[in-house]
Amino acid sequence: MELIEGHKVITPPDGMPVWDIDPYDEDLLRDPVPYYRELVAKGPVVHIPRFSILALGQYETTHKVFSDHENFVSSRGVGLNDFKIGEPWRPPSIILEVDPPAHTRTRKVMARALSPKVVRTLTDMFRETAARMVDQLLARDSFEAVTDLAEAFPVAVFPPALGMKDVDQRNLVDYGACVFNAMGPDNAMRRWALTRNAQISPWIMGACARDRLTDDGLGAMVYAAADAGEIGQDEAAMLVRSFLSAGVDTTVTGIGNALWAFSQNPGEWDRLRADPSLARPAIEEVLRYTSPVHTFGRTAGRDTEIAGFPVEEGTKVICVLGAANMDPAKWGDPESFRIDRRPAGHMAFGAGIHGCVGQNIARGEMEALLTVMAEKVARIEPAGDAVWRPNNAIHALDKLPLRLIAS
Ligand code: OVV
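Just so it is clear, the structure is predicted and the values come from calculations on it, not from any experiment.

Quick notes on empty space enclosed by the protein
- Tallied over the entire structure, the rule returns five cavities of 30 Å³ or more.
- As a volume, the largest cavity reaches approximately 740 Å³.
- Considering only residue class, the lining of the largest cavity consists of 23 nonpolar, 12 polar and four charged.
- Counted as a void, the second largest cavity has a volume near 100 Å³.
- Residue lining of the second largest cavity: 14 residues in total, with Phe83, Trp89, Glu97, Ala182 and Met183 positioned closest to the centre.
- Across the lining of the second largest cavity, the residue classes break down as eight nonpolar, three polar and three charged.

A word on the nonpolar core
- Core analysis: the largest hydrophobic core is formed by 112 residues, its most contacted members being Tyr35, Leu149, Phe153, Val222, Phe243, Phe262 and Met373.
- Per-element accounting of this core gives the leading share, 11 residues, to helix H7 (residues 145-162).

Points about the pairing of strand S10 (residues 316-319)
- Burial along S10 is two-sided: the residues Lys316 and Ile318 and Val317 and Cys319 are all buried.
- Alignment of strand S4 (residues 53-56) against S10, held across three bridges, turns out to be parallel. Note that in S10 the partner of Ala55 across the bridge is Ile318.
- For strand S7 (residues 296-300) and S10, the ladder comprises four bridges, and the chain directions are antiparallel. Bridging from a neighbouring strand, Arg298 pairs with Val317 of S10.

Structural notes on the side chain of Asn325
- Considering the arrangement of structural elements, one finds Asn325 in the loop between helix H15 (321-324) and helix H16 (328-331).
- Leaving out residues up to four positions away in the same chain, Asn325 has contacts with Leu287, Arg288, Ser291, Trp331, Pro334, His346, Met347 and Ala348.

About the thresholds
Residues numbered from 1 in each chain as written. Predicted model: local features only at pLDDT ≥ 70, side-chain atom pairs only at ≥ 80, totals over all residues. Heavy atoms only, no water. 1 Å grid on protein atoms, 1.4 Å probe; cavity = no way out; pocket = protein on both sides within 12 Å on 5 of 7 lines; lining within 4 Å. Points joined across faces, edges and corners; volume = space filled by probe spheres on them. Nonpolar A, V, L, I, M, F, W, Y, C, P; charged D, E, K, R; others polar. Core = buried A, V, L, I, M, F, W, Y, C linked by side-chain atoms within 4.5 Å. Buried < 20%, exposed > 50% of the residue type's maximum accessible area, 1.4 Å probe, protein only. Helix = DSSP H or I, 4+ residues; strand = E, 2+ residues; numbered from the N terminus. Pairing = 2+ DSSP bridges. Contact = heavy atoms within 4.5 Å.

Written as structure tokens, this is what we have:
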């Protein structure tokens, strides 16, 4: 069998559009909208010979394939490497990189720890922290919003929610960036991730141990499931690792992207201030318009089809969630940022059985921050150029100089 990027080289299906592009090019990833547009325009599915993969961007097909866990499995990895063929870069996640029935058991434990009921108990802490941070930033002339707000806020609230005793902003944020970069091809971003992971992962695994967690946080709820015999003790540590893999860099990115979107669309900020009940729909629109996770993969677990084209077993399919969230057939005017759009069905949290299990807490963090800011901040102004940081799966800012004007 011939391999590329750790997966099988496929025979291109007859008549499928072929696109000679590197979807992991750093310049493309800094400014992905033209790529999203072209991917959607090319058709429901395209063949990318450079990596011997299929790519989906149209909303309907992306949604269908992403929800079809029977034909398009996660257990062979959600990046370009096929875990059935080669050694995974880290011990696989026991919730992300598994299929039912293994997935059903671990998902249940995580869904309980991240339920709306649990998230509600955290709201006051989120708001108090947000208020303190925003007051401090209002007192400054300008600040670097990626480190000082987008990173600082989730790092101040999420580890305490988990009950972590060890908190290190750089390690926590970089670990998430590693996990997402590792989904891509063997490029500079993925090589950075493997190097950085070797430095960070001992700290991460240490922080997941039972004795590094308090007995009253989300981490303790996962260990309680182990005590109850639902999962093993070693599995509890792995699920805590999933909190750290998926719960920090993603929310950091969502908040950074929200601040960017409002700094670029001051009229939408005025609308939110005029009607703070728009905070929820505004969050959904931020997630649609600047989807933090731009791409997630699946592997055809058997011979199947996409949009009428045959797809052979072992085919890697990238679902470009950022493109699906920009499909004009679904959204009409996708490139305008309108906080009252209420974009039901957006793909930023995925779809189907693997849909983001942490989406309630992610929304809770963003809502707390935006609600507090809507009260205190009259204007969010650029204080320099925003710089994007290319990542194989995340669309995130590297630098966002801002100035907040008090109301
Ligand atoms: C990047 C990511 C997303 C979702 C889950 C996980 C990681 C995990 O490690 O479980």
